[in-house]
Amino acid sequence: MTSQIALPLSPANGAENIVVGPSLQPVIDGLMAGHDWPYRSCILSGPARSGKSLLARWFVASDLGDALDGADRLPEDEVFHAWNRAQASGRPLLLINDAGPGQWRVTLPDLGSRLGGSMALTIPPPDEELLIQLLEEHAARRGLALGDAALAFLLPRIERSHAAAETLVETIDRLSLERKAPVTISLVRDALAQVQGAD
């Protein structure tokens, strides 16, 4: 069953939700087991817009450890020092890798060997249950209501990715505003055609 983890942000922003379905649950379980990670460190990878940064903020807000977002883009000595601090303190360190699994090219030998022994987690493409929840969550943030008929139409046709769900809802919202029309199957069909035509 899909559930949601509330991530508290500043009162001005309300709260963001992490939608957790069967495909993401192993990642959540892995993040919650930080004290069992080899060398107290974990590299989290995943496709664009899959919630890596959101998970990093939840990880820190939940006091599960520290996190370096976009670690693959940071100076390697900065990552190396953070890794050493995690060993000295025993506090888990989550490293967000935007380059993709196996694509983080490290030139500092000492850092490369240490990261090679770290826990590795990868966010997979969303399963159908999670995809529905993502569509509904993105729609709710925009004040849209995607009915069962619209979801049933979209599910067999939409690309199975976090980014596709977000882009599609953005397009539905834009068309709805442009046409000053509610979300109908016809509008959803047009939005899907625009998204797929842009690929």
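Residues numbered from 1 in each chain as written. Predicted model: local features only at pLDDT ≥ 70, side-chain atom pairs only at ≥ 80, totals over all residues. Heavy atoms only, no water.

**Student:** Would you explain the pattern of salt bridges in this entry?
**Tutor:** Pairs can form between side chains of opposite charge whenever their charged atoms are close. Taken as a whole and judged by the stated rule, the model has eleven salt bridges. In this structure, Glu-128 engages Arg-160 in a salt bridge whose closest nitrogen and oxygen atoms are separated by 3.7 Å. Placement of the pair is Glu-128 in helix 5 (residues 128-141) and Arg-160 in the loop between helix 6 (148-154) and helix 7 (162-179), with a sequence separation of 32 residues. Judged by its relative accessible area of 45%, Glu-128 is partly exposed. (Salt bridge = Lys/Arg side-chain N within 4 Å of Asp/Glu carboxyl O. Helix = DSSP H or I, 4+ residues; strand = E, 2+ residues; numbered from the N terminus. Buried < 20%, exposed > 50% of the residue type's maximum accessible area, 1.4 Å probe, protein only.)

**Student:** I would appreciate a short explanation of the packing of aromatic side chains in the present structure.
**Tutor:** The geometry of an aromatic ring pair is captured by the separation of the ring centres together with the interplanar angle, meaning the angle of the planes. Scanning all chains against the criterion turns up two aromatic pairs. A centroid spacing of 5.6 Å and a plane angle of 10° characterise the contact between Trp-37 and Phe-59, whose relative ring orientation is stacked. Separated by 22 residues along the polypeptide, Trp-37 in the loop between helix 1 (25-31) and strand 3 (41-45) and Phe-59 in helix 2 (residues 52-61) bring together distant segments of the chain. Under the relative-accessibility criterion, Trp-37 is labelled buried at 4%. Both rings, one in Tyr-39 and one in Trp-83, keep their centres 5.8 Å apart while their planes meet at 40°; by these two values the pair is tilted. With Tyr-39 in the loop between helix 1 and strand 3 and Trp-83 in helix 3 (residues 76-89), the pair connects residues that are 44 residues apart, well separated along the chain. Look at Tyr-39 and you get partly exposed, because its relative accessible area is 49%. (Phe/Tyr/Trp six-rings, centres within 6.5 Å; stacked < 30°, edge-to-face > 60°.)

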